[in-house]
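# A closer look at the structure
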Amino acid sequence: MAASLNKVGVVGLGTMGAGIAEVLARSGLAVVGVEVGDEALRRGRGHLERSTGRAVKRGKLSAEEQQAILGRIELSTSFGALGDCDLVIEAVPERLALKRRVFEQLDEVCRADAVLATNTSSLSVTEIAVSTSRPEQVVGVHFFNPAPVMRLVEIIHTVLTRPEALAVVQGLVERLGKVGVTVGDRAGFIANRLLFGYLNQAAAMYDSGHASREDIDAAMKATGLPMGPLTLMDLIGLDVSLEVCEAIYRETRDRRHAPAPILRQMVTAGLLGRKTGRGFYSYDEPPAPAAAAEAAVASAAAEAARNAGAPLRVGVVGSGPLAVALIGGGLRAGADVRFVAGDAEKADAVRTALEQPAEGGTELALLADCDLIIEAVAEDTSVKRSLFAAVDDVAKPGAVLATTTTTAPVIEVAAATDRPQDVIGLHLPDPAGELAEIAATVVTAPEVARRAAEYLTALGRRPVRCRDRAGYIVDALRVPYLNDAVRMLEAGYADADSIDAAMRYGCGYPIGPIADLDRLGLGHAVEALRALYTESREPAYAPAPLLEELFTAGRTFR
Ligand code: NAD
């Protein structure tokens with residue numbers, strides 16, 4: 001094995017290869033870039049010049065530095081140029097037969113002690129390795145797009161990889177200033193395995209008509225993600241998304257990874273996302289999805305303001321943290337808020353917790369003229385049902401009744417009233433945040449769901465709408481992903497730090513899944529998973545045993 005790295009080859013100078021070559025040259029290494037023909041080589045040079053040129057424009061690089069970087073990259077159309085490289089990284093298109101052919105060629109031209117690496121996202125590194133006479137010197141090195149920017153590199157060893165070969169790549173990743181995580185050869189590795197389970201489920205959620213594409217994206221963005229799942233798939237490319245899902249499904253036979261039918265249909269129809277101008281969204285005509293969603297919110301807000309001659313009258317039943325957040329938020333938004341607590345002591349506690357004075361007490365009659373009545377009492381369906389039956393007696397006709405049930409379907413609470421058409425579900429994934437998820441049951445009047453969204457907009461929230469299903473949008477997409485991360489940990493595939501680093505530095509998550517579980521509370525995850533499991537009987541939604549165990553023990557992951 002080469003003792004130190006001096007020269008590194010890159011095969012294929014497309015999106016990834018050019019980025020990788022740039023990163024290598026920036027670190028001072030001599031680089032040899034190989035392409036199939038003169039035209040492809042010209043394109044590769046163009047990628048390199050544009051990318052470093054942008055860095056110069058942004059003042060991140062001087063013109064001299066740019067020249068020095070480009071000067072360190074030798075370009076060739078001959079594999080022979082790779083003969084004296086210590087390491088070669090392959091970044092040709094994601095087709096196994098092509099990659100195997102490239103590795104056969106590399107095996108012939110590269111020095112016997114050279115390490116051969118593949119940047120594959122979803123193919124088996126083992127299958128690529130065994131096409132050479134030196135599979136023990138073959139490693140996966142998975143950069144993320146754009147390579148010069150994204151900090152994560154997944155380093156993959158097979159059952160054959162020699163530790164020395166792995167050490168060469170680990171040393172390189174460290175030298176590049178990237179965050180390396182080393183794992184075995186499983187489809188999707190860490191980041192794509194966890195990410196695409198979530199993306200595929202979001203596509204299926206949209207396909208099933210549970211919520212609109214804008215609402216699915218807005219809801220997940222509100223949890224701190226850089227973009228919503230459907231926008232992200234359009235960016236990645238629906239063809240690539242389909243392939244990655246297929247590869248993970250082939251290995252796991254987990255039907256949650258079987259590509260959502262809509263993905264395959266859109267790919268067949270040539271709707272590949274941003275690169276073809278249309279995917280889940282259309283990119284040909286403005287406005288862009290984010291702008292469209294914001295415009296929709298703005299117009300809803302305007303409409304609510306028009307309708308609100310008098311301030312909105314909101315009633316909140318309950319005295320816990322969620323009730324206090326709802327009352328406080330309503331007061332800050334200028335609504336006329338009253339609350340009803342279980343007893344005088346609890347009502348006093350609510351008054352103490354609020355920053356502004358609010359009218360409240362223990363009598364449901366206080367709610368008689370409210371436009372919107374929100375129940376935020378203990379998570380016990382029988383309590384919620386009897387409360388709603390009583391609210392039914394005092395609420396004015398046409399009032400919107402909202403229940404915050406998360407463990408039982410909204411319809412169970414709605415059915416306790418004589419006006420189930422006026423009942424919606426309301427979920428605030430973060431009571432201090434803006435997002436408000438509104439669920440309509442099979443009998444909720446469409447006009448009521450629309451009005452509920454208007455009221456919540458007037459209360460300063462960002463409403464998204466969905467059907468009456470466990471987990472609304474956010475928890476239905478977030479909690480299975482967190483559970484998958486626990487299963488990965490439990491299986492010993494990767495440790496908590498690697499899993500968290502992969503999602504933060506590879507996918508731009510503000511927090512890794514294991515840390516996120518500790519933050520959200522294990523009880524919340526277990527409860528949400530149980531509700532999802534009860535509804536769907538999907539085995540993968542059953543809380544991972546390790547999660548249940550830590551929760552029962554009153555522990556956290558860290
Ligand atoms: P790309 O199509 O942009 O680039 C591939 C390049 O390989 C092209 O320039 C092509 O001319 C060249 N090529 C084809 N056959 C060749 C051969 N025989 N010899 C030399 N060069 C050859 O593809 P990409 O998006 O850069 O993907 C490359 C690899 O990186 C794939 O395995 C992909 O799964 C993986 N990857 C892609 C991304 C991404 O977001 N694009 C992220 C991580 C990993």
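The present account deals with the structure reproduced in this document. (Residues numbered from 1 in each chain as written. Predicted model: local features only at pLDDT ≥ 70, side-chain atom pairs only at ≥ 80, totals over all residues. Heavy atoms only, no water.)

Summing up its helical and strand segments, the protein chain has 22 helices and 16 strands in all. For the C-alpha atoms alone, the extent of the protein chain along its principal axes is close to 85 × 50 × 45 Å. Buried residues in the protein chain amount to 54% of all 558 residues. Partitioning the contacts of the protein chain with sequence separation of at least 6, the portion at a separation of at least 24 is 68%. (Helix = DSSP H or I, 4+ residues; strand = E, 2+ residues; numbered from the N terminus. Buried < 20%, exposed > 50% of the residue type's maximum accessible area, 1.4 Å probe, protein only. Contact = heavy atoms within 4.5 Å.)

Relative to each other, helix α7 (residues 191-207) and helix α9 (residues 229-236) sit at 110 degrees, their axes nearing to 9 Å. For the element pair α7 / α9, the angle class is roughly perpendicular. Note on packing geometry: the crossing formed by α7 with α9 is left-handed. Here L195, F196, Y198, L199, A202, A203 and Y206 of α7 come into contact with α9, specifically with P229, L230, L232, M233 and I236. (Axes fitted to C-alpha atoms, helices over the stretch in contact; angles between N-to-C directions. Parallel < 35°, antiparallel > 145°, perpendicular 65-115°, else oblique. Left-handed = near helix turned anticlockwise from the far one by under 90°.)

Hydrogen bonds between backbone atoms are what pair the strands of a sheet, whose relative direction is either parallel or antiparallel. With respect to topology, 8 strands assemble into an open sheet ordered β11-β10-β9-β12-β13-β14-β15-β16, the strand pairing being mixed. Single-partner strands in this sheet number two, and they are β11 (359-361) and β16 (462-467). Strand-to-strand twist in this sheet, taken as the mean axis angle between neighbours without regard to direction, amounts to 25 degrees. Bridge analysis of strand β10 (residues 336-340) against β11 gives 3 bridges, and the strand direction is parallel. Bridge assignment links R338 to a residue of β11, and that residue is E359. Against the sheet, helix α17 (residues 446-458) engages β12 (372-375), β13 (400-403), β14 (423-427), β15 (435-440) and β16, with an angle of about 155 degrees to β16. (Pairing = 2+ DSSP bridges.)

With respect to the helices and strands, the residue T403 is situated in strand β13. Polar contacts involving the side chain of T403 include one to the main-chain amide nitrogen of T405, which spans 3.2 Å. If we skip the residues at most four places from it in the chain, T403 touches E375, K384, F388, V410, V413, V423, I424, G425, L426 and Y472. (Polar contact = N/O pair within 3.5 Å; in protein donor to acceptor, adjacent residues only side chain to side chain.)

Around the ligand sit 23 residues in total, of which M16, E35, E94, K99 and N119 are the nearest. Taking E94, its side chain carries an N or O atom lying 2.5 Å from an oxygen atom of the ligand. At 3.1 Å, a side-chain N or O of S121 approaches an oxygen atom of the ligand. Elements that contribute at least two residues to the shell around the ligand include exactly α1 (15-26), α4 (96-109) and β6 (138-143). (Near = heavy atom within 4 Å.)

A cluster of basic side chains, namely R50, R54, K57, R58 and K60, defines a positive patch on the protein surface. Locating R58 in the fold gives a position in the loop between α2 (38-57) and α3 (63-71). R58 gets classed as exposed once you look at its relative accessible area, which sits at 55%. (Patch = residues over 30% accessible without salt bridge, like charges linked within 9 Å, V, L, I, M, F, W, Y side chains within 5 Å. Areas by Shrake-Rupley, 256 points an atom, 1.4 Å probe, with all protein chains shown as cover. Salt bridge = Lys/Arg side-chain N within 4 Å of Asp/Glu carboxyl O. Lys, Arg positive; Asp, Glu negative; His and termini not counted. Charge placed at Lys NZ, Arg CZ, Asp CG, Glu CD.)

Grouped together as the largest cluster of nonpolar side chains are 117 residues, with contacts concentrated most on L82, I190 and L547. It is helix α18 (residues 474-490) that provides the largest number of residues to this core, a total of 10 residues. (Core = buried A, V, L, I, M, F, W, Y, C linked by side-chain atoms within 4.5 Å.)

Taken in spatial order, the 8 strands of this open sheet run β3-β2-β1-β4-β5-β6-β7-β8, and their pairing is mixed. Strands at the two margins of the open sheet, each flanked by one partner only, are β3 (73-76) and β8 (179-184). On average, each strand axis in the sheet is tilted by 25 degrees relative to the strand beside it, whichever way the strands run. Pairing analysis gives 4 bridges linking strand β2 (residues 30-34) to β3, with the strands arranged parallel. For G33, the partnering residue across the bridge sits in β3 and is L75. The strands that α1 touches are β1 (7-11), β2, β3, β4 (87-90) and β6; relative to β1, the one it contacts most, it runs at about 170 degrees. Contacts from helix α19 (residues 496-507) reach β7 (152-157) and β8 within the one sheet, and its direction differs from that of β7 by about 135 degrees.

Right, let's talk about the pairing of β15 for a bit. Counting buried residues along β15, 5 of its 6 residues qualify, which places the element largely inside the surrounding structure. Two elements, β14 and β15, share 4 bridges in a ladder whose sense is antiparallel. Opposite G425, over in β15, you have A439 as the bridge partner. As judged from the 6 bridges shared by β15 and β16, these two strands associate in the parallel manner. Directly across from I438, in β16, lies its bridge partner R465.

This paragraph deals with the packing of α7 against helix α11 (residues 261-268). Angle between the axes and distance between the axes are the two parameters that describe a pair of packed helices. At their nearest, the axes of α7 and α11 sit 8 Å apart, and the two run at 90 degrees to each other. Between α7 and α11, the interaxial angle falls into the category roughly perpendicular. Contacts between α7 and α11 involve N200, A203, Y206 and D207 from the first element and P261, I262 and L263 from the second. Looking at side-chain class alone, the contact of α7 with α11 contains 5 nonpolar, 1 polar and 1 charged residues. (Nonpolar A, V, L, I, M, F, W, Y, C, P; charged D, E, K, R; others polar.)

Following the sequence through the fold, D254 ends up in the loop between α10 (238-252) and α11. Separated by 2.9 Å, the side chain of D254 and the backbone nitrogen of R256 make a polar contact. Leave out the neighbours within four places in its chain, and D254 touches Y249, E538 and A540.

Among the 8 residues in α9, 6 count as buried, and that is most of the element. Residues of α9 that are buried: P229, L230, T231, L232, M233 and D234. Those residues of α9 hidden inside the fold are in contact with α7, α8 (213-221), α10 and α11. Looking one or two places after α9, you find G237, whose phi comes out positive at around 105 degrees.

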